[in-house]
Amino acid sequence: MNEAKFDELLTMVTPLIQKENTMMRDALPARVKLQIILRHLATGDCFGSLEALYRVPRCSISSFFEAVCEAIWIVLRDFIKVPQSESEWRKIMNSFSKMWNFPNCCGAMDRKLVKIRCPPNSASEYFYYKKNFSII
């Protein structure tokens, strides 16, 4: 994402995610919240590494995570097409099956690790260096 597109998105989500400063502390800027969430969505960085990178506690990140994602969805929903009916999902599944010989698939993620339970008898095959079991 280039800087101009980031600023455009920031302008759209700021009214939804910016909190007021209080006498106790200043609120996190909307820019920082959006940067953190976009970084997480793009790279899959854990909250611990985002905490170190942005100097924002992971408990704070987890408290605004859902609100920022929701704000992004609200402002971009006209640009994001999600199937609305079972027939649309079936059409996507048929395309995956025909093109890739991958039946019953209705979507794909690019290079994302999905945490899973350890499959039986898999030893360390699915063990990820961040100390959990996952699959790409």
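Here, every reference points to the structure presented above.
Cut-offs and rules
Residues numbered from 1 in each chain as written. Predicted model: local features only at pLDDT ≥ 70, side-chain atom pairs only at ≥ 80, totals over all residues. Heavy atoms only, no water. Buried < 20%, exposed > 50% of the residue type's maximum accessible area, 1.4 Å probe, protein only. Helix = DSSP H or I, 4+ residues; strand = E, 2+ residues; numbered from the N terminus. Pairing = 2+ DSSP bridges. Core = buried A, V, L, I, M, F, W, Y, C linked by side-chain atoms within 4.5 Å. Contact = heavy atoms within 4.5 Å. Phe/Tyr/Trp six-rings, centres within 6.5 Å; stacked < 30°, edge-to-face > 60°. Patch = residues over 30% accessible without salt bridge, like charges linked within 9 Å, V, L, I, M, F, W, Y side chains within 5 Å. Areas by Shrake-Rupley, 256 points an atom, 1.4 Å probe, with all protein chains shown as cover. Salt bridge = Lys/Arg side-chain N within 4 Å of Asp/Glu carboxyl O.

A few points about the pairing of strand β3 (residues 132-135)
Next up, step 1: With burial as the criterion, only one face of β3 is covered, namely that bearing Asn132 and Ser134; the residues Phe133 and Ile135 on the opposite face remain uncovered.
Next up, step 2: Here two bridges tie strand β2 (residues 127-128) to β3, and the two strands are oriented antiparallel to one another. By the bridge assignment for β3, Phe127 is matched with Phe133.
Next up, step 3: Counted between consecutive antiparallel strands, the loop separating β2 from β3 contains three residues, among which Lys131 sits at a positive phi close to 65°.

A look at the side chain of Asp45
Next up, step 1: Structurally, Asp45 can be placed in the loop between α2 (30-43) and α3 (47-54).
Next up, step 2: The buried category is assigned to Asp45, whose relative accessible area is 16%.

Quick notes on the nonpolar core
Next up, step 1: Counting residues in hydrophobic clusters, the biggest one holds 17 residues, and the most contacted among them are Val13, Leu34, Ile36, Phe64 and Val68.
Next up, step 2: Contributions of two or more residues to this core are made by α1 (3-17), α2 and α4 (58-76).
Next up, step 3: Of the residues forming this core, the biggest block, six residues, is contributed by α4.
Next up, step 4: Not counting the four nearest positions on each side in its chain, Leu34 is found in contact with Phe6, Leu9, Leu10, Val13, Val68 and Ile72.

Details of the packing of aromatic side chains
Next up, step 1: For the structure shown, the criterion picks out one aromatic pair.
Next up, step 2: When the centroid spacing of 5.7 Å and the interplanar angle of 50° are considered together, the rings of Phe47 and Phe65 count as tilted. Of this pair, Phe47 sits in helix α3 while Phe65 sits in helix α4, and the two are 18 residues apart along the sequence.
Next up, step 3: Among the residues examined, Phe65 registers a relative accessible area of 22% and is labelled partly exposed.

Section: unusual backbone geometry
Next up, step 1: Even without being a glycine, Arg55 presents a positive backbone phi close to 55°.
Next up, step 2: Mapped onto the elements of the fold, Arg55 is located in the loop between α3 and α4.
Next up, step 3: On the accessibility criterion, Arg55 (77% relative accessible area) is exposed.
Next up, step 4: Of note in the backbone geometry, Asn101 takes a positive phi value of approximately 55° without being a glycine.

Looking at a nonpolar patch on the surface
Next up, step 1: A cluster of nonpolar side chains, Leu16, Trp73, Ile74, Phe79, Ile80, Val82 and Trp89, forms an exposed patch at the surface whose accessible area comes to about 630 Å².
Next up, step 2: Note that Trp89 resides in helix α5 (residues 86-100).
Next up, step 3: Owing to a relative accessible area of 31%, Trp89 belongs among the partly exposed residues under this scheme.

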